[in-house]
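Reading the structure
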Amino acid sequence: MSVMMARKKVVRKWEKLPGRNTFCCDGRIMMARQKGIFYLTLFLILGTCALFFAFECRYLAVQLSPAIPVFAAVLFLFAMAMLLWTSFSDPGVIPRALPDEAAFIEMEIEATNGTVPQGQRPPPRIKNFQINNQIVKLKYCYTCKIFRPPRASHCSICDNCVERFDHHCPWVGNCVGKRNYRYFYLFILSLSLLTIYIFAFNIVYLALKSLKIGFLNTLKETPGSCFPSLTVLTVLEVLICFFTLWSVVGLTGFHTFLVALNQTTNEDIKGSWTGKNRVQNPYSHGNIVKNCCEVLCGPLPPSVLDRRGILQQEESTAQEGSCLRGPGTQEPPATQGPGQAQEGHSVLSLQVPAPSVSDTEMPEEKQRMPGELPVPSLDAGRAEH
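Residues numbered from 1 in each chain as written. Predicted model: local features only at pLDDT ≥ 70, side-chain atom pairs only at ≥ 80, totals over all residues. Heavy atoms only, no water.

Description of the confidence of the model for the protein chain
Defined as follows: Confidence of the predictor at the level of single residues is captured by pLDDT, which takes values from 0 to 100. Whether two residues touch is decided by their heavy atoms; if any such pair falls within 4.5 Å, the residues are in contact.
Confidence in the prediction of the protein chain, expressed as mean pLDDT, is 77, and 70% of residues score 70 or more. Scored below 50 in pLDDT, residues 223–227 shows five contacts in the model against residues more than four places distant or in partner chains. A low-confidence stretch, residues 316–385 stays under pLDDT 50, and its non-local contacts, those more than four residues away or across chains, total 49 contacts.

Topic: the UniProt feature "transmembrane region" (unreviewed entry) in the protein chain
Rules: UniProt positions are given in the numbering used here, feature names are shortened, and annotations may be inferred rather than shown by experiment. To qualify as a helix, a DSSP run of H or I must reach at least 4 residues; to qualify as a strand, a run of E must reach at least 2; elements of each kind are numbered from the N terminus.
Listed under "transmembrane region" (unreviewed entry) in the UniProt record, and renumbered for this structure, are residues 37–55, 67–88 and 183–207. Helix makes up 100% of residues 67–88 and strand 0%, with an end-to-end C-alpha separation of 32 Å. Helix makes up 100% of residues 183–207 and strand makes up 0%, while its end C-alpha atoms are separated by 36 Å.

Considerations on the side chain of Asn180
Going by this rule: Relative accessibility decides the category of a residue: with a 1.4 Å probe and only protein chains considered, values under 20% of the type maximum give buried, values over 50% give exposed, and everything between is partly exposed.
Looking at the element boundaries, Asn180 is found in the loop between strand S11 (174–176) and helix H4 (181–213). A relative accessible area of 0% places Asn180 in the buried class. Ignoring sequence-local partners within four residues, the contact set of Asn180 consists of Thr86, Ser89, Pro91, Asn174 and Cys175.

Here we look at the pairing of strand S5 (residues 126–131)
Which entries qualify depends on this criterion: Here the rule is simple: two strands pair whenever DSSP picks up at least two bridges between them.
Bridging between S5 and strand S6 (residues 134–141) involves six bridges; their strand directions are antiparallel. Following the sheet pairing, Gln130 is matched in S6 by Ile135. Between the antiparallel neighbours S5 and S6 lie two residues, among them Asn132 with a positive phi of about 55°.

What about unusual backbone geometry?
Unlike most non-glycine residues, Asn132 shows phi in positive territory, near 55°. Tracing the backbone shows Asn132 in the loop between S5 and S6. For Asn132, a relative accessible area of 58% puts it in the exposed group. In this structure, Asn262 is a non-glycine residue whose phi angle is positive, near 55°. Topologically, Asn262 is positioned in the loop between helix H6 (230–261) and helix H7 (265–270).

Points about the pairing of strand S2 (residues 21–24)
Here S2 shows one buried face, formed by Asn21 and Phe23, and one open face, formed by Thr22 and Cys24. In the sheet, S2 pairs with strand S3 (residues 29–32) via four bridges, with the strands oriented antiparallel. Bridge assignment links Asn21 to a residue of S3, and that residue is Ala32. Here S2 folds back onto S3, and the loop between the two strands holds four residues, one of which, Cys25, carries a positive phi near 55°.

Observations concerning the sheet that holds S6
Here we have three strands laid out as an open sheet, ordered S5-S6-S7, and antiparallel in their pairing. Two strands bound the open sheet, and with one partner strand each, they are S5 and strand S7 (146–147).

Regarding the packing of aromatic side chains
Here is the rule we go by: Think of it this way: a Phe, Tyr or Trp ring, Trp meaning its six-membered ring, pairs with another when their centres are within 6.5 Å, and the plane angle makes it stacked under 30 degrees, edge-to-face over 60, tilted otherwise.
By the definition in use, this model includes 15 aromatic pairs. Consider the rings of Phe38 and Phe88, whose centres lie 6.3 Å apart with planes at 65°: the pair is edge-to-face. In this pair, Phe38 is assigned in helix H1 (residues 36–63) and Phe88 in helix H2 (residues 67–88), connecting sequence segments 50 residues apart. Phe88 sits in the partly exposed class, given a relative accessible area of 27%. Arranged with centres 6.0 Å apart and planes meeting at 85°, the rings of Phe242 and Trp246 form a pair that is edge-to-face. Highlighted residues: Phe242 and Trp246, both in helix H6, separated by four residues, approximately one helical turn.

Here is the structure:
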């Protein structure tokens, strides 16, 4: 006797999502697969701030003001919060079309373009969309099988279409799009302020020490036998902040320019609104304040991925059992009530082998279908009486 059993396994939607992303905490955290540079970002920020709080801040708090470490701590916590929020959130990934939706879109495209003769290239799959009295082209994504919304683009690293795609940033380990751009901008802005702050007060620390005990004695000063010179650590912080300053502050200035124009990095690189045609940006309000308010303070759309939604899949397992019977005996099929099934299992089918009877042995009976009960004949009833 063989029994087919079915177990219901709960599967979250993030486990079946296409693309090259990694998920943690049951789908709550979403990042790109390449996270090496993100760990380097964490190391540089945490290491530099740890040295600053451990050595320079104590001296500056006594000599100048106790507000110096407090303000540095506020900047550090805010920058770390914005970094993690940017890295762990959904940037605005657009779900791929389901098979039925993709087939319908293909039929719609074929009906629009008609039959293309062999040897000719088919026309580009583009739809025209009007925004603020200006025509914007919606391009078809052959990977996601959808017409991308305005300002969306397909990220080749994460293999997803992202709404209002800005760029893929390896320093934060994620794409930067509509749902996390404001957090990215606030991160680089606060990191610029924190870098300038640490760089400036490291210079102040060296100047105060040099005025009090001399520059050469400052170079020789050590906090303990197991630590290197304080000045060596301070110079290391100064070098890290100096080289970080140019890139981070320059990046902040560039994105401030883009926010003021309500433009993305992808549009600026492609020259969408500043090319040969000199097409005007249809998303700009013509006012810096309005553009900044829309990009940084506008309503944040919810994620459309439903990463933690539940998908139920059934895993079937076959169990075989045998029991000794006498010759000519047959076990009747067992009936099971709705409440007698084992918890977590449901019986799909119960197959019992039945003895085969040839047509020569029972000429008057009709050939039965599998599982059909035999009907007694009239001669058998007379013989019993």
